[in-house]
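Structure at a glance
Okay, here's what each chain looks like letter by letter:
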Amino acid sequence: MKEKVFDIFASLKARRWSLGHVLFAVVLVLFAIAFFLALPYRLRALPGGAMTVRHVTEATAVVNGQPQTVTLPYTFRDLPPETPISLTFAVDTRASFSLLVKTVYAPTEVAFNGETISAYGKKGTYPSFLDDPPTTVRIFNFRPDANGPRTGTITVTYEFPHDRAQLPVAPFAISNTSGLYRYEFGYLMACFLVEVFLAL
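Nothing here was measured: the structure is a model prediction, and the numbers come from that model. (Residues numbered from 1 in each chain as written. Predicted model: local features only at pLDDT ≥ 70, side-chain atom pairs only at ≥ 80, totals over all residues. Heavy atoms only, no water.)

Once that is clear, we can look at the overall build of the chain. Secondary structure summary: the chain contains three helices and twelve strands in total. For the chain, buried positions account for 30% of its 200 residues. Intrachain contacts of the chain at a sequence separation of at least 6 include 74% that bridge at least 24 residues. Accessible surface, the chain as shown: approximately 13,000 Å² in total, 61% of it carbon and sulfur. (Helix = DSSP H or I, 4+ residues; strand = E, 2+ residues; numbered from the N terminus. Buried < 20%, exposed > 50% of the residue type's maximum accessible area, 1.4 Å probe, protein only. Contact = heavy atoms within 4.5 Å. Areas by Shrake-Rupley, 256 points an atom, 1.4 Å probe, with all protein chains shown as cover.)

Turning to unusual backbone geometry, a few remarks are in order. A negative phi angle is the norm for most residues apart from glycine, just as the trans form is the norm for most peptide bonds. In this chain, Leu72 is followed by Pro73 through a cis amide linkage whose omega measures 5°. Even without glycine at this site, Val104 takes up a positive phi of about 55°. Looking at where Val104 falls in the secondary structure, it is placed in the loop between β6 (97–102) and β7 (108–112). At Tyr105, a position not held by glycine, the phi torsion is positive, near 55°. With respect to the element layout, Tyr105 can be found in the loop between β6 and β7.

Mapped onto the elements of the fold, Thr93 is located in the loop between β5 (84–92) and β6. Exposure remark for Thr93: the relative accessible area of 10% places this residue in the buried category.

The subject of this paragraph is the packing of aromatic side chains. As enumerated under the stated definition, the model contains four aromatic pairs in all. An aromatic cluster is present here, built from Phe97, Phe112 and Phe142 joined pairwise through their rings. We note Arg164 situated over the ring of Tyr105; from NZ or CZ to the ring centre the distance is 3.8 Å. (Phe/Tyr/Trp six-rings, centres within 6.5 Å; stacked < 30°, edge-to-face > 60°. Lys NZ or Arg CZ within 6 Å of the ring centre and 35° of its normal.)

For sheets, the rule is that strands pair by backbone hydrogen bonds, running either parallel or antiparallel. Here four strands make up an open sheet; going across it, the order is β1-β12-β6-β9 and the pairing antiparallel. Whereas interior strands pair on both sides, the edge strands pair on one side only; in this sheet they are β1 (54–56) and β9 (137–142). Across this sheet, the average inter-strand angle for adjacent strands is 25°, counted without regard to direction. Both β6 and β9 contribute to a ladder of six bridges, which runs antiparallel. The residue bridging Ser98 from the neighbouring strand is Asn141, located in β9. (Pairing = 2+ DSSP bridges. Axes fitted to C-alpha atoms, helices over the stretch in contact; angles between N-to-C directions.)

Before going further, it helps to spend a moment on the nonpolar core. Side chains of a nonpolar character, in soluble globular proteins, are inclined to be buried together. Core analysis: the largest hydrophobic core is formed by 28 residues, its most contacted members being Phe76, Leu87, Phe89, Ile154, Tyr158, Leu167 and Phe172. Elements represented by at least two residues in this core include exactly β2 (58–63), β5, β6, β9, β10 (151–159), β11 (166–169) and β12 (172–175). Top contributing element to this core by residue count: β5, with four residues. In this structure Leu167 touches Tyr74, Thr75, Phe76, Ile85, Val104, Ala106, Tyr158, Phe160 and Pro161, once residues within four positions along its chain are discounted. (Core = buried A, V, L, I, M, F, W, Y, C linked by side-chain atoms within 4.5 Å.)

Printed below as a string of structure tokens:
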């Protein structure tokens, strides 16, 4: 048994395979498996099939009472801690949709037509040894209102972090739930592959 193990390592060495190459091959196999498992979500005809992701790249930002139009991604810099930064944009309410919001190490509140629907990162909801809440990704589902207006507004309000000199805000993503999961999966896999390439 030991001789067979030594033969395998000798063969790998003879072919000049490094540990990095072996790791990369394993990652490629895992990526291929995950891709084919996620493939059904790409088909619109299937129930819950992933829809195309649309990005919100323009919003009205209000900081210290001063409104301005910003193009996302946008980075707010050098503000006092806990300064509220609100970004408002319009959405079509005639069809159901899901919204993906990244919190970026900052307390975050999401409101629809002026009514708060979620709040994250308030003091006491995360470990006290952290100056700011951990970053997270949250998905919110909206249902159409047949008797409501054709458009509505979503306001995402961040509080400027204590431990950082900037607050980057990425474009908000709109799709259905399956589309947003596929979007995040693709993004994370791309980041992971880049890390693997850099490690080789």
